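Close look at the chain arrangement
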Amino acid sequence: MSHDDHGHGHHELTFWEKYVFSVDHKVIGLQYLITSFIFLLVGFGLMGLMRWQLAFPGTPIPFFGHLFPADLAPNGVMSGEFYNALGAMHGTIMVFLGVVPLAVGAYGNYVLPLQIGAPDMAFPRMNMMSYWTYLPGGILMLSSFLMPGGAAQSGWTSYPPLSIINPGQTMWLLSMVILITSSLLGAINFLVTTINMRAPGMSLWRMPVFCWAQFVTSVLLLLAFPPLEAASVLQLMDRVFHTSFYMPKDLVILGKAYMGSGGGQPLLWQHLFWFLAHPEVYVLVLPPMGIVAEIIANNTRKPLHGYKTLVFSMIAIGVMSFMVWAHHMFISGMSPALGNFFLVTTMIISVPSVAILTCLIFSLKGGSIRYNLPMAYALAFLPLFGIGGLTGLPLGLTVTDIYLHDTYYVIGHFHFVVVTGSIIALMGGTYYWFPKWYGRKMNDTLGWIHFWGTTTSMTGIFLPMLFMGLAGASRRLYDPTAQLHNLPVQGWNVVSTISAYCLGVFQLPFIYNFFNSMWRGEKTPENPWQATTLEWACPSPPPHGNFEKTPVVYRGPYEYSVPGRKTDFWMQTDKN
Amino acid sequence: MAKNNNNHDEHRPDVGMYVKVFGALMVLTLVTVAISKVHLPRPQAIGLGLFVACIKASLVGALFMHLWGENKLIHNALYITVACGAIMILPMIDLAMVAHRITSPADVASQHPHEGGEEGHANSVTETIELPASAAAPAAAAKKPAKKAH
Amino acid sequence: MSQTYDPTEFMGNADTHSGVTNAKLGVWLFLASEIMLFATLFTSYIVLRMVSTSWPWGWDALNVPLATLNTVILISSSVTIVMAYAKAYDKNKSGFQLWMAATVLLSLGFLVVKAFEYGHEFALGIGPHTSVFYAIYFTMTGLHGIHILGGIAVNGGLLYMSTQKEHWEHPLFLGRVEGAGLYWHFVDIVWIFLFPALYLL
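Residues numbered from 1 in each chain as written. Chains lettered and ligands numbered in written order. Predicted model: local features only at pLDDT ≥ 70, side-chain atom pairs only at ≥ 80, totals over all residues. Heavy atoms only, no water.

What follows concerns the overall build of chain B. Check the secondary structure of chain B and you find five helices and zero strands. Reading the helices (α) and strands (β) of chain B from amino to carboxyl end gives α-α-α-α-α. Looking at chain B as a whole, 32% of its 150 residues are labelled buried. Within chain B, contacts between residues at least 6 apart in sequence are counted, and of these 57% link residues at least 24 apart. Of the roughly 8,800 Å² of accessible surface on chain B, 68% is carried by carbon and sulfur atoms. (Helix = DSSP H or I, 4+ residues; strand = E, 2+ residues; numbered from the N terminus. Buried < 20%, exposed > 50% of the residue type's maximum accessible area, 1.4 Å probe, protein only. Contact = heavy atoms within 4.5 Å. Areas by Shrake-Rupley, 256 points an atom, 1.4 Å probe, with all protein chains shown as cover.)

See the structure below:
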């Protein structure tokens, strides 16, 4: 794998080259898919443990309680440190090992080259490397649970000075450096592929919205991740070499003076972390918006409303996302003038987000709506992501954020956008593109059970969090009953927990459906959804090289219901 | 499948120019070191040093990296990157301005050596809140130990 | 699905929408991310220096003569690598190998001088933990040094590849040399700013 074999042309690939270290974007995409689903389940499991403690604080965890060592859960009752570790790792795993690899690594890798008519990514071997840094990085991240001191316990945000003195953080930082490398390799690949490898006739303005979403996302990953990498290096230096980048002078911890030289700034980490982490949340949301756009266009049998608005809004979100980060830090002590600056930029960035949602909703008007499974998920995305976006507004306004910061309101807000938003859309994408990956459909009955169970459970988990937050319940609180003002709303914790366990149960039909349909699903033709975009103009699954000959693109991506035509869709590559 | 390995975009090298740039870079390096030995006041030293560094970096970038006459796409990508970096740096300056509010009391004292007096002063870490009149006596007593800690 | 193919099939398209080859565009995007990486470190340096109550004069705290020597070495290596590119452009294999070997040797020289510098400081008990100034100094020069190591690996790799006929004659080889040069010049530019920032100001 480390040398070119261009000289002698083709040779039959070994098992390792074909299935393990494959350089084919489709195989890599499926590797990312399965791996990220597994990590999502792991993150979900961690949350399941936390939710028990939140609903029934101080009681032993059923079934698993006695399996944990005494320092984590004495007598089966979760300790505070274990709770913190679960919280930090849940966030980290879901964001960096789950949603982003799924949205970008899986869907982006598989679908983007097909949709632009390319034979593969621009750098197939680098693509393989990006997966094979993601997987070891993820395993390293998880292995921190088994290290002395346990996993990272300072929140996924890792604020110093706590993160400098807490256990588990070093492994978190090392894993992040590896994972960031994987992301950067992927981002470079996506950008060069989109810029250089489009089929003839595929101008930028004929690309599907999904490709635009991946393009903007890759720009965000490319430019925003290196600052976190640098910040993580500084934090590693603080932990391992006892530098004082983030440790202020005269720090006293538990009665003892900290041994470092002092002179550092804890807020420096906060700025650098959020400089990445804010664009990161748009990385979480833009590809799923792209998926929803594709599904809606296909299942309304009409062009999307406002294609150019959608694209310009995504670009505007990308640009503005670099200028809003300190809204996560409004109460950190920054000068009010700076707070006002970030308030204004945050309000501005809500405009393109609303524009995108509006275009998607207006796309439904006058359409011949087909209520199949992908469409169900796309439709569910609209109001649920809407709630997520709207609940962000009081957080973006400095004055209300003073009250709401670090309460459950924030947790409710971001879970609405990422879980009922991004993850719902990604699930819809699975049902939508499964026929392309495997040439078979997923079972509809199981799918509908999954859909209704999932959407209801998710709402049951996160809606109560908004109420609890408004009541003042603090986040990252191991025992919610420790705050007197939480007692009236403690019942909502039970509702959330039960909903969470229901959500887990409703994923079982999905998992079974996925694997069963791979081999025994109903076989589908090349273009079962009668779609217009290029990924449907090749066999399912596509062979190596994707298209028999380089496709030529004659029109835009959403030519549905064109008057005078026999069929209600006009494939981009059909000459007539 | 596309197999267009025959289109090249590499720049034609100009060895004479490379040698001249090398000479310029060496001279500018010596200039930088010489300036620093003069021990100018800090702001001027930093300004001048950065200015010379920018000239050297521009020579390397424009001529060795062939940015001069390069494709517009590369230029645009770099403009966006530099803008992104600038956005990062600017609010950090605010951090530097307010940092004294969150550093140690000892630092605050050394930065404000002449500030004293009964009332808590703005931006002091040990600022005490004025309590209502009925609690005046305990408040006054509470203030005294705090000031001792300076 | 029969999977018999050569991944380099799709590479090197200058006849593309953009007019830039995949490799060159890829290298520049990589450099964009590196610019952000070092910009963050410089930003941290600026912030930490602005809030500090005292900051040592570079001449007192560090070995300026050695660093000046290193600056000369690194700039020279930038020239030698661009000369190597010029030779590769003219398909002059021995010329390329000579200038590329010179680049690698100069880079190793940089690291040797750096090792002397660090060794002297460690012998005095000075390390990253000593103060914020030294923390920044060791971290930034250390990370820069790791980039130099990466460059040595790439340049050495190209030097080795030039001895293999199939690589030297590959149509993409010149593009690879240019890409390696771009990376190396970037490393040089970082040092051009790092040297005055840490040692002289």
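The subject of this paragraph is the side chain of Asp238 of chain A. Residues and elements named next belong to chain A. Mapped onto the secondary structure, Asp238 falls in helix α7 (residues 209-240). A polar side-chain atom of Asp238 sits 3.3 Å from the main-chain amide nitrogen of Ser244. At 2.9 Å, the side chain of Asp238 forms a polar contact with the backbone nitrogen of Tyr246. In contact with Asp238, not counting residues within four places along its chain, are Ile164, Thr243, Ser244, Phe245, Tyr246, Met247 and Tyr258. (Polar contact = N/O pair within 3.5 Å; in protein donor to acceptor, adjacent residues only side chain to side chain.)

This part covers the interface of chain A and chain B. Reports often express the size of an interface as the amount of accessible area lost when the parts come together. Each side of the interface is counted separately: chain A has 23 residues, and chain B has 19 residues. Of all residues in chain A, Leu223, Lys249 and Gln265 of chain A give up the largest surface area on contact with chain B, accounting jointly for 22% of the area buried on that side. At the junction of chain A and chain B, the tally comes to zero salt bridges. Residue assignment for the side of chain A that touches chain B shows that the elements contributing at least two residues are α7, α8 (266-300) and α10 (336-362) of chain A. Sort the elements by how many residues they give to the side of chain A that touches chain B and α8 of chain A lands first, with five residues. Partitioning the side of chain A that touches chain B into residue classes produces 15 nonpolar, five polar and three charged. (Buried area = accessible area lost by both parts, 1.4 Å probe. Salt bridge = Lys/Arg side-chain N within 4 Å of Asp/Glu carboxyl O. Nonpolar A, V, L, I, M, F, W, Y, C, P; charged D, E, K, R; others polar.)

A word on the environment of Ser144 of chain A. Residues and elements named next belong to chain A. Within the secondary structure, Ser144 is located in the loop between α4 (124-143) and α5 (162-165). The spatial distance from the C-alpha of Ser144 to the C-alpha of Gly168 is 6.3 Å, given a sequence separation of 24 residues. If we ignore the near neighbours within four places in the chain, the residues touching Ser144 are Met89, Gly150, Ala151, Ala152 and Met171.

Our focus in this paragraph is the interface of chain C and chain B. In this assembly, 61 residues from chain C lie in contact with 57 residues from chain B. Summed over both partners, the interface of chain C with chain B buries about 5,300 Å², with 73% contributed by carbon and sulfur atoms. When the buried area of chain C at its contact with chain B is split by residue, Trp28, Trp57 and Leu201 of chain C rank highest and sum to 12% of it. Among the ionic pairs, Glu70 of chain B bridges to Lys24 of chain C, the shortest N-O distance being 3.2 Å. For the side of chain C that touches chain B, the elements supplying multiple residues, two or more each, are α1 (22-51), α3 (64-89) and α7 (173-200) of chain C.

To continue, consider unusual backbone geometry. All names here are of chain A. That bond from Pro160 to Pro161 is cis: its omega, -5 degrees, falls within 30 degrees of zero. Along the chain, Pro161 turns up in the loop between α4 and α5. A cis amide bond links Ser540 to the next residue, Pro541, at an omega of -10 degrees. Its location among the elements puts Pro541 in the segment after α15 (490-520). The residue Asp406 is not glycine, and still its phi comes out positive at about 60 degrees. With respect to the helices and strands, Asp406 occurs in the loop between α12 (398-404) and α13 (408-438).

Residues and elements named next belong to chain C. Examined against the element boundaries, Lys114 turns out to sit in helix α4 (residues 93-123). For Lys114, a relative accessible area of 5% translates into the label buried. Contacts of Lys114, omitting those with residues within four sequence positions, involve Asn70, Thr141, Trp191 and Tyr199.

The next thing to look at is the pattern of salt bridges. Under the criterion given, the structure shown has eight salt bridges over all chains. A salt bridge links Asp406 of chain A to Arg475 of chain A, with the nearest nitrogen and oxygen atoms 3.9 Å apart. One end of the pair, Asp406 of chain A, is in the loop between α12 and α13; the other, Arg475 of chain A, is in the loop between α14 (444-470) and α15, and 69 residues separate them in sequence. Linking Glu169 of chain C and Lys165 of chain C is a salt bridge whose minimum nitrogen-to-oxygen distance equals 3.1 Å. Judged by relative accessible area, Glu169 of chain C falls into the exposed class, the value being 51%. If you follow the salt bridges from partner to partner, you end up with Glu70 of chain B together with Lys24 and Glu178 of chain C in one network.

Residues and elements named next belong to chain B. Considering every residue of chain B, the mean pLDDT works out to 73; 61% of them sit at 70 or more. Across chain B, helix α1 (residues 15-37) holds the top mean pLDDT of 93, while helix α5 (residues 136-148) sits lowest at 40. pLDDT under 50 marks residues 116-150. Its contacts with residues more than four places away, or in other chains, come to 19 contacts. Two summary scores accompany this predicted model of the complex, namely pTM at 0.91 and ipTM at 0.93. (pLDDT = per-residue confidence, 0-100.)

Another point: the nonpolar core. Trp437 of chain A together with Tyr199 of chain C are the most contacted members of the largest nonpolar core, which totals 282 residues. When residues no more than four places from it in sequence are discounted, the contact partners of Tyr199 of chain C are Gly58, Trp59, Leu62, Asn63, Val64, Ala67, Lys114, Glu117, Tyr137, Thr141, Trp191 and Leu194 of chain C. (Core = buried A, V, L, I, M, F, W, Y, C linked by side-chain atoms within 4.5 Å.)

A few words now on α3 of chain C. All names here are of chain C. Here α3 spans 37 Å end to end across 26 residues, near enough to the 38 Å set by a 1.5 Å rise per residue. Most of α3 is tucked away: 20 of the 26 residues are buried. Immediately beyond the C-terminal end of α3, within one or two residues, lies Lys91, with a positive phi of roughly 55 degrees. (Expected span 1.5 Å × (residues − 1).)

All names here are of chain A. Inspection of the entire model under this criterion finds 74 aromatic pairs over all chains. Residues Trp437 and Tyr438 carry aromatic rings whose centres are separated by 6.5 Å and whose planes lie at 90 degrees to one another, so their mutual orientation is edge-to-face. Taken individually, Trp437 and Tyr438 each receive the classification buried, so the pair is uniform in this respect. The ring of Trp205 has Lys308 sitting right over it, with the charged end atom 4.8 Å from the ring centre. Over the aromatic face of Trp570 sits the side chain of Arg555, whose NZ or CZ is 3.8 Å from the ring centroid. (Phe/Tyr/Trp six-rings, centres within 6.5 Å; stacked < 30°, edge-to-face > 60°. Lys NZ or Arg CZ within 6 Å of the ring centre and 35° of its normal.)

Let us look at the environment of Ala86 of chain B. Residues and elements named next belong to chain B. By the secondary structure assignment, Ala86 is in helix α3 (residues 72-98). A relative accessible area of 35% places Ala86 in the partly exposed class. Taking C-alpha positions, Ala86 is 21 Å from Lys72, a pair spaced 14 residues apart along the chain.

Attention shifts here to the state of the cysteines. The bond known as a disulfide is covalent and runs between the sulfur atoms of two cysteines. Per the counting criterion, the structure on display carries zero disulfides over all chains. Distance from the sulfur of Cys538 of chain A, which forms no disulfide, to the nearest cysteine sulfur (Cys211 of chain A) is 13 Å. (Disulfide = S-S within 2.5 Å.)

Let us look at the environment of Val27 of chain A. Residue and element names in this part refer to chain A. As for its position among the elements, Val27 is in helix α2 (residues 25-55). Residue classification places Val27 among the buried positions, given a relative accessible area of 15%. Taking C-alpha positions, Val27 is 10.0 Å from His544, a pair spaced 517 residues apart along the chain.

Here we take up a nonpolar patch on the surface. All names here are of chain A. A grouping of Leu41, Val505, Leu508, Ile511, Phe515 and Trp519 is seen on the molecular surface, where their side chains present a nonpolar patch of about 610 Å² in accessible area. If one sorts the elements of the nonpolar patch by residue count, α15 sits on top with five residues. Within the fold, Val505 resides in helix α15. (Patch = residues over 30% accessible without salt bridge, like charges linked within 9 Å, V, L, I, M, F, W, Y side chains within 5 Å.)

Moving on, we come to the packing of helix α6 (residues 169-196) of chain A against α7 of chain A. Packed helices, taken two at a time, are described by the angle between their axes plus the distance between the axes. Residues and elements named next belong to chain A. Relative to each other, α6 and α7 sit at 155 degrees, their axes nearing to 8 Å. The angle between α6 and α7 places the two elements in the roughly antiparallel class. Between α6 and α7 lies a crossing of left-handed hand. In the contact of α6 with α7, the residues fall into 20 nonpolar, nine polar and two charged. (Axes fitted to C-alpha atoms, helices over the stretch in contact; angles between N-to-C directions. Parallel < 35°, antiparallel > 145°, perpendicular 65-115°, else oblique. Left-handed = near helix turned anticlockwise from the far one by under 90°.)

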